[in-house]
Amino acid sequence: MVRVNSINFNVNFNGKRQLKDSQDPVISAAMEELKNIKFDNNDVKYVKKLGAKPPFKNGQQAYDFIKDNDIKVKFMKLPSDDIHAQWDVTNKTIKINERYRDTKSKAVILAIAESTLHEAGHAKDLDGDSSIQEEINCLSLNSMAHRTLNAQDPGIFETNDANILKNGVNLYSSMYFNKDLSGLIEKVRHSYGALPAGDSKHPASEFARAIKNGEPNFVVVA
Ligand SMILES: [Zn+2]
């Protein structure tokens, strides 16, 4: 079956939920998707057992946080194609890699919504610092969101092979929700291993310490 993977950008700006500085139609579409993201209760239990503390209960909370704090969400040039999104505390901006600016792919728009959710998790503490624990917390958000979105539209994320999917949201969700956590541990250690395991706002869990110490055989004990 041929999948329809483009959407119309007829985003309405009715009512009080309008966001400033996100008139870009792709960003607007992603923000609308963000608002509707819910997490499965079992997924929440799982990530908490793993040691994550999800910064938001759903996409609406993240959306409201962005709006209430006048955080901008913008396409901008990022240092590499492997950086899909970034929180810039100085400019209070969630930057989305500009290579996706003109995308017509629904899957990429959902990936931008997930990435915005992840970066909003970083923004929530209103600082520009991070730690392995903070990353685990933020990665739990996009990983849970990905599962909900995929369940709502099975196969949607296979309709496009953009880097933000292949090496971003698809990959992290499958590694996070895997009995064998070695892939996630190695990937997070590779990307964020130089950061401290935890920080004063995000005390390190055993899982964060296992990543910091390079213990790929970490298992979740019930
Ligand atoms: Zn992050």
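Because the structure is predicted, anything quoted here is derived from the model rather than measured. Here the residue numbering is sequential within each chain, running from 1 through the sequence in written order. Local features in this predicted model are restricted to residues whose pLDDT is 70 or higher, and side-chain atom pairs enter the listing and the counts only when it is 80 or higher, whereas totals over whole chains, interfaces and linings include all residues.

Caption draft 1: Focus on the overall build of the protein chain. Runs of E in the DSSP output that reach at least two residues are strands. Runs of H or I that reach at least four are helices, and both are numbered from the N terminus. The helix and strand tally for the protein chain stands at eight helices and three strands. Exposed residues have 12 or fewer other C-beta atoms within 10 Å of their own C-beta, buried residues have 20 or more, and residues in between are partly exposed; the C-beta atoms are placed from the backbone. Taking all 222 residues of the protein chain together, the buried fraction comes to 42%. In this description, a residue-residue contact is defined by the distance between C-beta atoms placed from the backbone, which must lie within 7 Å. In the protein chain, once contacts between residues fewer than 6 apart in sequence are set aside, the share between residues at least 24 apart is 70%.

Caption draft 2: Region of interest: the packing of helix α1 (residues 25–35) against helix α4 (residues 106–123). Under this scheme, a helix contributes an axis fitted over its contacting stretch, all axes are lines through C-alpha atoms, and angles between N-to-C directions fall in the 0 to 180 degree range. At a minimum axis distance of 8 Å, the contact between α1 and α4 shows a crossing angle of 65 degrees. Taken together, α1 and α4 sit at an angle that is classed as roughly perpendicular. Crossing handedness for the pair α1 and α4: right-handed. Facing α1, whose interface residues are Val26, Ala29, Ala30, Glu33 and Leu34, α4 presents Ile109, Leu110, Ile112, Ala113, Thr116 and Leu117. The classification used treats Ala, Val, Leu, Ile, Met, Phe, Trp, Tyr, Cys and Pro as nonpolar, Asp, Glu, Lys and Arg as charged, and all other residues, Gly among them, as polar. Its residues assigned to classes, the contact of α1 with α4 comprises nine nonpolar, one polar and one charged. Roughly parallel here means an angle under 35 degrees, roughly antiparallel means over 145, roughly perpendicular means 65 to 115, and every remaining angle is called oblique. Take the far helix as your reference; a near helix turned counterclockwise from it by less than a right angle gives a left-handed crossing, and one turned clockwise gives a right-handed crossing.

Caption draft 3: Local environment of the pairing of strand β2 (residues 85–88). Where burial is concerned, the two faces of β2 differ: the one with Ala85 and Trp87 is buried and the one with Gln86 and Asp88 is not. Hairpin remark: β2 followed by strand β3 (residues 93–97), antiparallel, with four residues in the connecting loop; positive phi at lysine 92, about 45 degrees. Paired strands, in this sense, are two strands between which DSSP finds at least two bridges.

Caption draft 4: Structural context of helix α6 (residues 163–176). Taking 1.5 Å per residue as the helical rise, α6 with its 14 residues ought to reach 20 Å, and the 18 Å between its terminal C-alpha atoms agrees with that figure. A residue's bend is the angle separating two fitted axes: one through the seven residues that end there, the other through the seven that start there. Within α6, the axis deviates most sharply at asparagine 170, by approximately 35 degrees. Ile164, Leu165, Gly168, Val169, Asn170, Tyr172, Ser173 and Tyr176 are the residues of α6 that are buried. Residue count minus one, scaled by 1.5 Å, sets the expected span of a helix.

Caption draft 5: Representation of the sheet that holds β3 in the model. The three strands lie next to each other as β1-β3-β2, forming an open sheet whose pairing is mixed. In this open sheet, the two strands that pair with only one neighbour each are β1 (72–76) and β2. Taking each pair of neighbouring strands and ignoring which way they run, the sheet shows an average axis angle of 25 degrees. The pairing of β2 with β3 spans four bridges and is classified as antiparallel. Bridge assignment links glutamine 86 to a residue of β3, and that residue is lysine 95. Lying on the sheet, α4 is in contact with β1, β2 and β3; it crosses β2 at an angle near 30 degrees.

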